[in-house]
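The lines below spell out each chain.
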Amino acid sequence: MSDRLTRSILPIEPAVALASAATVAGTPGRFNEWLGSAEPGASEPSARWQAFFRSLGEQGWADLAARRQRVQQRVRDDGASYNVYADQSARPWPIELLPLILDAGEWAVIEHGVLQRARLLEATVTDLYSARTLLRDALLPASLIYAHPQYLRAAHGLKPLGGTHLHVVAFDLARAPEGGFCVLAQRVQAPSGLGYLLENRLIAAPLLQDPFSDLRVQRLASSFRSLLDGLMRASPAGERSRIVLLTPGPHNETYFEQVFLARYLGVSLVEGSDLTVRANKLYLKTLHGLERVHVVLRRVDDEFLDPLELRADSTLGVPGLLQALRAGEVVMANAPGVGFLESPGLTAFWPGVAERLLDEDLLLPASTSWWCGEAAVWARQRPRLAEYVVSPTFPDSQDDASIQRSFGACVASQLTPAELDALARRIDAHPADYTLQARVLPSETPVWANGQLQPRAAVMRVFALADGQGGWRVLPGGLTRVAGKDEGAHDPWLSMQHGSASVDTWVVARGQIDATSMLPKPLSATELDGWRRTVTSRSAENLFWLGRYTERAENSVRLARLTLEALPDASDPVRRLLDALARCHSLVGAQVPTAMQAPRVFERALVHALGAAKPDVATAGVAHELRALRACAQALRERLSPEHWKLIFEVGEHFDQHVAHALGQATGRAATPDVMGVLARAATHLSAITGAQTDRMTRDDGWRLMSVGRQIERLDMLSHALALGFQHRVHEADDGFALLLALFDSVITYRAQFQARREVLPLLHLVVHDTDNPRSLAWVARTMRDRLRKLARHHAAWVEAATADLPMPEAWSLAELDQRDAQGRHANLIASLQLCNRTARELSDAIGRQLFVHVDAADRTVWQ
């Protein structure tokens, strides 16, 4: 039934009338999704939007503002973000409440066109890496293909398992003013958007539950299930295949969606450093050894995949990965060497290629495009340059032999005459680097903002997913980008990097709604008996250092507080100890006068080092530890609760802000009292983080390793501090004795047990021997040893060897520790403490070799 006929039959509901009254007129000449037309005289909303607001009702209309706020709250709760390279920041994922709605007939046209183009791309890449008939017969210009940096020499002769180069392809579509859809761009190398698409659906659908149900919106899970099934069909291991999602890491612009997508698909999220190639097989490095990887769903670009054969400076890939692909030991989606298909310079050639390879005419047109590498084309189009969008033909095109430049698409009509002339001269110099594309005016879809339905330009990314049997499925939905209020005229492709937002994309089902679920089959009791969570070596290393940096930050904060409190009236031994510890922990730089020579200068240097915006290596101190703590936590977002992550994020932010404020308020000498308050708040914050790590994290092997890291740091710091203290004989001074107890955070415990006694033996009993005191060396060493044994229970021989030299302070004789040599020094005690300090550091190195880089067990595998 047509929109016009439907409007004549159905009465206008109150909610529809309210929405119509609040609708802002669209831009002339663009298709209006709200009206379902580009006709100037159209006034009533389309049938789909009438059905939407009829289902939403008057109460739902009145609640739109509150629902939009809930959308933003859900984004914050999920931690959904998008990293913007320009300002090196992570922005909350921008999503608008109202969806883009497509009826079944429109979707059928899109689906058939996208399926055809997916088949075309697969046939093209197969030809260009084998017979190359398209080049031989001049259907594609050889100069464009061979000059493209993502047409890889290393990919020649690579025959992907299952015979499929492409498993996921994406097409950016825009609706033209006449109502049909055209292709703006295609993404085949490592297409992004599937995770954000899911996030949009999970946010929007529950908030618009009645319209979502009443409009019979098609579900997404079946397409994802088909993708996974197809990847496993291509793998020799079949259903037993281990699938990983290879990410560039937390600083990548779409890292959140990579985490989200990996969770949804039930696959491991890995970085290049998590993987290793041994004997042409790909393995995942885990705490318990090497586990075979059969399928890689990648989000790393071609050139970074293998530093042995591609970019030698890449730290994102895996050495030997291409050789594993050649050997047929791993499936990669998508195969390397397909990125050249994204070039806009190929657009004008696709109709001829489709006729040759498919014997078909293209169902979905593309925007008119001219590659300037053909001299006749550029000569003919040069006078009309202002009519086009100018796009780079290649990624990182070059203007001359030595300077590499990257430029984004620009709308030539928005340039001044001088800028336009300069652009033309640049194209004259290097015409192959430039492609001219006719400006497409995308349709406008309604966005709820400021109590109005405002029209915003919209571009939709649609995904085709291979099924592993030579066929394709088009995911019934898409990631639709909508322009900011004034952005559509400046960014022709509505890039998220330039401030666009997104909306969910609803496809009205023609037949039955697919009920497929991505929920795994129920686990049996037998399967649960041996269940354990895989901890990758990279996650393990980050957890290890999360524990170390948390403890280190606490120690640095405590030391800074004690130094500022004690220094003004400290005895000489105490000043010598504080000076040595402050320099060891980088609280002051090496050039600062000693605390004995100039205590006031030393104090000011310590305070100002805390507030340094960019501390150097010599004065990293507290701020550095807090930043390092945050970096480790950022890499472990999938393992931390939102509250835990918020605590870690805020402690560093608040510390920097409050120290800067305290120093800014200071007049004359350093603002020591104010800084003491800042340090006290940081100590409280860090205690909360410790509580979250102790009580809010699952005590699996990853947690045990974090605890081991913490205990190593504690043993290292406390044994070193106690050894220095006795070397400087601070225990002989009243303030020195109290300082040693404070460094061990044991003042209250000592007073409760030994009142006002200032004796060495009770001190050593509490901070060395007492296995009930979590700050004593005995407790720390025993806890570390026990947790390491349980962690590495499959490698008992290694644990015994690694901990063989680790002292057992509870077995030390207090009488021998209290013995003094001829100079009155506690030589036995100091030697024992130095042994503790040294073996703690050696154990840290041994853990790294065995559990993180696996250099001590090259051939040890736990799953083939």
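Here the structure is a predicted model, which means the values were calculated and not measured.

Enquirer: Where do I start with the state of the cysteines in this structure?
Expert: Here a disulfide denotes one covalent bond, and it connects the sulfur atoms of two cysteines. Applying the stated criterion across every chain, the model contains zero disulfides. Free of any disulfide, C372 has its nearest neighbouring cysteine sulfur in C410, separated by 11 Å. Classification of C372 as buried rests on a relative accessible area of 1%. Overall, the relative accessible area of 23% leaves C410 in the partly exposed class.

Enquirer: Would you explain the pairing of strand β11 (residues 295-298) in this entry?
Expert: Looking along a regular strand, one sees side chains alternate from face to face of the sheet. Along β11, one buried face is formed by V295 and L297 and the opposite face, lined by V296 and R298, is buried too. Sheet topology note: the strand β6 (residues 243-246)/β11 ladder contains four bridges and is parallel. Each bridged residue has a counterpart across the sheet, and for L245 the counterpart in β11 is L297. The pairing of β11 with strand β12 (residues 331-333) spans three bridges and is parallel. Opposite L297, over in β12, you have A333 as the bridge partner. Taken together, β11, helix α12 (residues 321-326) and β12 form a β-α-β motif whose crossover is right-handed.

Enquirer: I keep staring at the sheet that holds β12 and nothing clicks. Help me out?
Expert: Strand pairing in a sheet relies on backbone hydrogen bonds. The paired strands run either parallel or antiparallel. With parallel pairing, four strands are arranged side by side in an open sheet as β7-β6-β11-β12. Sheet topology places β7 (268-270) and β12 at the edges, where each strand pairs with a single neighbour. Each strand axis lies, on average, 25 degrees off the axis of its neighbour in the sheet, ignoring direction. In the packing of helix α10 (residues 221-234) onto the sheet, the strands contacted are β6, β11 and β12, and the crossing angle to β12 comes to about 150 degrees.

Enquirer: Which parts of the structure should I look at to understand the pattern of salt bridges?
Expert: Oppositely charged side chains can pair when the atoms bearing their charge come close. Throughout the structure, instances matching the rule amount to 46 salt bridges. Between R68 and E96 there is a salt bridge, with its nearest N and O atoms 3.1 Å apart. Of this pair, R68 sits in helix α4 (residues 64-78) while E96 is found in the loop between β2 (89-92) and β3 (100-102), placing the two residues 28 residues apart along the sequence. Note on R68: relative accessible area 28%, which makes it partly exposed. A salt bridge links D137 to R136; the shortest N-O distance between them is 3.1 Å. Judged by its relative accessible area of 61%, R136 falls in the exposed class.

Enquirer: Looking at this model, I keep getting lost on the pairing of strand β10 (residues 289-292). Mind explaining?
Expert: In terms of strand pairing, strand β9 (residues 281-286) meets β10 through four bridges, oriented antiparallel. By the bridge assignment, Y283 is partnered in β10 with R292. In textbook terms, the turn of a hairpin is the stretch between consecutive antiparallel strands, and for β9 and β10 this stretch comprises two residues.

Enquirer: Is there a simple way to explain the environment of V295 in this structure?
Expert: Tracing the chain through its elements places V295 in strand β11. When the C-alpha positions of V295 and I243 are compared, they lie 4.6 Å apart, and in sequence the two are 52 residues distant. Setting aside its immediate chain neighbours within four residues, V295 contacts L231, S235, S241, R242, I243, V244, V330 and V331.

Enquirer: What is the right way to read empty space enclosed by the protein from this model?
Expert: Counted by the stated rule, this structure contains four cavities of 30 Å³ or more. Taken as a whole, the largest cavity spans an internal volume of roughly 100 Å³. As for the largest cavity, its lining consists of V168, A190, P191, L194, L227, L261, L297, R298, R299, A333 and N334. The residue inventory of the lining of the largest cavity, partitioned by class, reads eight nonpolar, one polar and two charged.

Enquirer: Explain unusual backbone geometry here, please?
Expert: Residues apart from glycine generally show negative phi values, whereas peptide bonds are mostly found in trans. Put simply, A333 and N334 share a cis peptide bond, and its omega is 0 degrees. Mapped onto the elements of the fold, N334 is located in the loop between β12 and α13 (350-357). One non-glycine residue with positive phi stands out, namely A138, at about 60 degrees. Counting through the fold element by element, A138 comes out in the loop between α6 (133-136) and α7 (142-147). Exposure remark for A138: the relative accessible area of 62% places this residue in the exposed category. For N280, which is not glycine, the phi dihedral falls at a positive 65 degrees. Looking at the element boundaries, N280 is found in the loop between β8 (275-278) and β9.

Enquirer: It is not clear to me how the packing of aromatic side chains should be interpreted in this structure. Could you clarify?
Expert: By convention here, two paired aromatic rings are described through the distance between centres and the angle between planes. For the structure shown, the criterion picks out 25 aromatic pairs. Taken together, a centroid distance of 5.8 Å and an interplanar angle of 45 degrees make the contact between W34 and W49 tilted. Taken together, the residues W34 in the loop between α2 (14-21) and α3 (47-62) and W49 in helix α3 connect sequence positions 15 residues apart. Across this residue pair, the class does not change: W34 and W49 are buried. Taking the centre distance of 5.3 Å and the plane angle of 80 degrees together, the rings of F212 and W506 count as edge-to-face. A residue pair is termed long-range when its members are at least 10 positions apart, and F212 in helix α9 (residues 209-214) and W506 in strand β22 (residues 505-507) qualify at 294 residues. Given the relative accessible area of 10%, F212 is considered buried. W506 gets classed as buried once you look at its relative accessible area, which sits at 0%.

Enquirer: I keep staring at the nonpolar core and nothing clicks. Help me out?
Expert: L546, F655, L705, F726 and I847 are the most contacted members of the largest nonpolar core, which has 103 residues in total. For this core, the element with the highest residue contribution is helix α23 (residues 701-727), accounting for 13 residues. L100, L134, L346 and V482 belong to the second largest nonpolar core, which has 71 residues in total.

Enquirer: Can you help me understand helix α27 (residues 777-791) in this one?
Expert: One full turn of an α-helix is made of 3.6 residues, so residues set three or four places apart face in the same direction. Between the first and last C-alpha of α27 there are 21 Å, a value that for 15 residues agrees with the 21 Å anticipated at 1.5 Å per step. Packing partners of the buried residues in α27 comprise α23, α26 (760-769), α28 (796-803) and α30 (827-852).

Enquirer: I keep staring at the sheet that holds strand β14 (residues 388-392) and nothing clicks. Help me out?
Expert: In space, the four strands of this open sheet follow the order β13-β16-β14-β15, with antiparallel pairing throughout. The open sheet has two edge strands, β13 (369-371) and β15 (410-411), and neither has a second partner. In this structure, β13 lies alongside strand β16 (residues 434-438), joined through three bridges in antiparallel fashion. Bridge pairing in β16 places S369 opposite Q437.

Enquirer: Explain the side chain of N555 here, please?
Expert: Tracing the backbone through its elements, the reader meets N555 in helix α17 (residues 537-566). Reaching out from N555, the side chain makes a polar contact with the side chain of R558 at a distance of 3.3 Å. Contacts of N555, omitting those with residues within four sequence positions, involve E713, M717 and R775.

Enquirer: Explanation requested: the packing of helix α22 (residues 672-695) against α23 in the structure shown.
Expert: Helix-helix packing is described using two parameters, namely the angle between the two axes and the distance between the axes. Where α22 contacts α23, the axes come no closer than 10 Å and their chain directions differ by 140 degrees. By the criterion of interaxial angle, the relationship of α22 to α23 is oblique. Residues T690, Q693 and T694 of α22 form the contact with α23, whose own contacting residues are W703, M706 and R710. Tallied by class, the residues present in the contact of α22 with α23 amount to two nonpolar, three polar and one charged.

Analysis parameters
- Residues numbered from 1 in each chain as written.
- Predicted model: local features only at pLDDT ≥ 70, side-chain atom pairs only at ≥ 80, totals over all residues.
- Heavy atoms only, no water.
- Disulfide = S-S within 2.5 Å.
- Buried < 20%, exposed > 50% of the residue type's maximum accessible area, 1.4 Å probe, protein only.
- Helix = DSSP H or I, 4+ residues; strand = E, 2+ residues; numbered from the N terminus.
- Pairing = 2+ DSSP bridges.
- Right-handed = clockwise from strand over helix to strand, strands pointing away.
- Axes fitted to C-alpha atoms, helices over the stretch in contact; angles between N-to-C directions.
- Contact = heavy atoms within 4.5 Å.
- Salt bridge = Lys/Arg side-chain N within 4 Å of Asp/Glu carboxyl O.
- 1 Å grid on protein atoms, 1.4 Å probe; cavity = no way out; pocket = protein on both sides within 12 Å on 5 of 7 lines; lining within 4 Å.
- Points joined across faces, edges and corners; volume = space filled by probe spheres on them.
- Nonpolar A, V, L, I, M, F, W, Y, C, P; charged D, E, K, R; others polar.
- Phe/Tyr/Trp six-rings, centres within 6.5 Å; stacked < 30°, edge-to-face > 60°.
- Core = buried A, V, L, I, M, F, W, Y, C linked by side-chain atoms within 4.5 Å.
- Expected span 1.5 Å × (residues − 1).
- Polar contact = N/O pair within 3.5 Å; in protein donor to acceptor, adjacent residues only side chain to side chain.
- Parallel < 35°, antiparallel > 145°, perpendicular 65-115°, else oblique.

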